[in-house]
Structures are given as structure tokens and as C-alpha cells.
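# What the coordinates show
Here's the letter readout for the chains.
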Amino acid sequence: MKIRPLHDRVLVRRLSSEEKTAGGIIIPDTAQEKPMEGEVLEAGAGVRGENGKIQALDVKKGNRVLFGKWAGTEVTLDGEELIIMKESDIMGVIE
């Protein structure tokens with residue numbers, strides 16, 4: 001299934017979290033925190049400004065981004081858990 005976010009929304013895939021601590025202790029799935037880092041899969045066209053022109057988003061497909069713990073809405077597409085969020089929920093791009 002293909003999805004295209006609208007306006008200033010972005011489709012993000014969470015990156016996997018570490019399953020071991022630095023000391024080698026394995027963390028069970030139930031105790032792991034959800035990672036706050038992801039990869040942008042798709043991005044909307046942008047938001048319409050006061051002058052009526054569309055202002056493009058700062059993030060684009062393929063960017064690695066940091067976002068808040070409770071950012072966006074989780075959706076499941078083709079068995080994969082993804083997040084749709086506004087660009088304003090993204091705190092930064094990892095370069």
C-alpha cells in the first residue's frame with residue numbers, strides 16, 4: 001500500500017532500539033522504550049502561507065530525524081508500524 005501525507009505531515013519509520021545495555025544486559029521487549037529516532041519515508045508538499053503560496057518542508061524523504069516521545073499518530077501499513085506526524089513535531093535532522 002502506498003500513502004502520501006498531505007500538507008505539512010510526514011510519514012516516519014521508527015529506527016530499532018538497542019536490545020542490550022552497555023554492560024551486556026538484554027532488555028526485554030516489554031521494558032524497552034520506543035526510540036525517538038526515525039527515517040522519513042514520505043513528506044507532504046508543504047503548508048500554504050499567508051500569501052497563498054506553498055512553503056516546502058525542511059525535511060525530505062530519506063532524512064534521519066529526532067522527534068518527541070509522544071509525537072504523531074501510529075499507523076500500521078502492510079504489517080509495518082509507522083508514524084504520521086506534523087513537521088513541527090520533528091526536533092531536528094541527523095546529518
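Above this text is the structure in question.
Attention here is on the structure that accompanies the text. (Residues numbered from 1 in each chain as written. Predicted model: local features only at pLDDT ≥ 70, side-chain atom pairs only at ≥ 80, totals over all residues. Heavy atoms only, no water.)

## Quick notes on unusual backbone geometry
Unusually for a residue other than glycine, H7 sits at a positive phi of about 55°. Looking at the element boundaries, H7 is found in the segment before β1 (9–14). The phi torsion at D78 lies on the positive side, around 50°, for a residue other than glycine. When you line up the elements, D78 lands in the loop between β6 (73–77) and β7 (80–86). Here D78 falls in the exposed class, since its relative accessible area comes to 60%. (Helix = DSSP H or I, 4+ residues; strand = E, 2+ residues; numbered from the N terminus. Buried < 20%, exposed > 50% of the residue type's maximum accessible area, 1.4 Å probe, protein only.)

## As for the environment of V65
Relative to the helices and strands, V65 resides in strand β5 (residues 64–67). Separated by 30 residues in sequence, V65 and E95 have C-alpha atoms that sit 8.9 Å apart.

## Considering the nonpolar core
Counting residues in each nonpolar core, the largest one holds 11 residues, listed as V10, V12, V40, L57, V59, V65, F67, A71, I83, M85 and I90. Sorting the residues of this core by element identifies β1, β5 and β7 as the ones contributing at least two each. Dropping the residues within four chain positions of it, I83 is found in contact with V10, L11, V12, R14, F67, A71, G72, T73 and E74. (Core = buried A, V, L, I, M, F, W, Y, C linked by side-chain atoms within 4.5 Å. Contact = heavy atoms within 4.5 Å.)

## Focus on the side chain of E42
Within the secondary structure layout, E42 lies in strand β2 (residues 37–43). E42 gets classed as buried once you look at its relative accessible area, which sits at 19%. Among the polar contacts made by the side chain of E42, one reaches the side chain of K2 at a distance of 3.3 Å. Aside from chain neighbours lying at most four places away, what touches E42 is K2, I3, P5, V10, L11 and K61. (Polar contact = N/O pair within 3.5 Å; in protein donor to acceptor, adjacent residues only side chain to side chain.)

## Observations regarding the pattern of salt bridges
As enumerated under the stated definition, the model contains six salt bridges in all. Residues R13 and E39 are paired through a salt bridge, measuring 3.5 Å at the closest nitrogen-oxygen approach. With R13 in strand β1 and E39 in strand β2, the pair connects residues that are 26 residues apart, well separated along the chain. The partly exposed category is assigned to E39, whose relative accessible area is 27%. With a closest N to O distance of 3.1 Å, R14 and E74 form a salt bridge. Of this pair, R14 sits in strand β1 while E74 sits in strand β6, placing them 60 residues apart in sequence. (Salt bridge = Lys/Arg side-chain N within 4 Å of Asp/Glu carboxyl O.)

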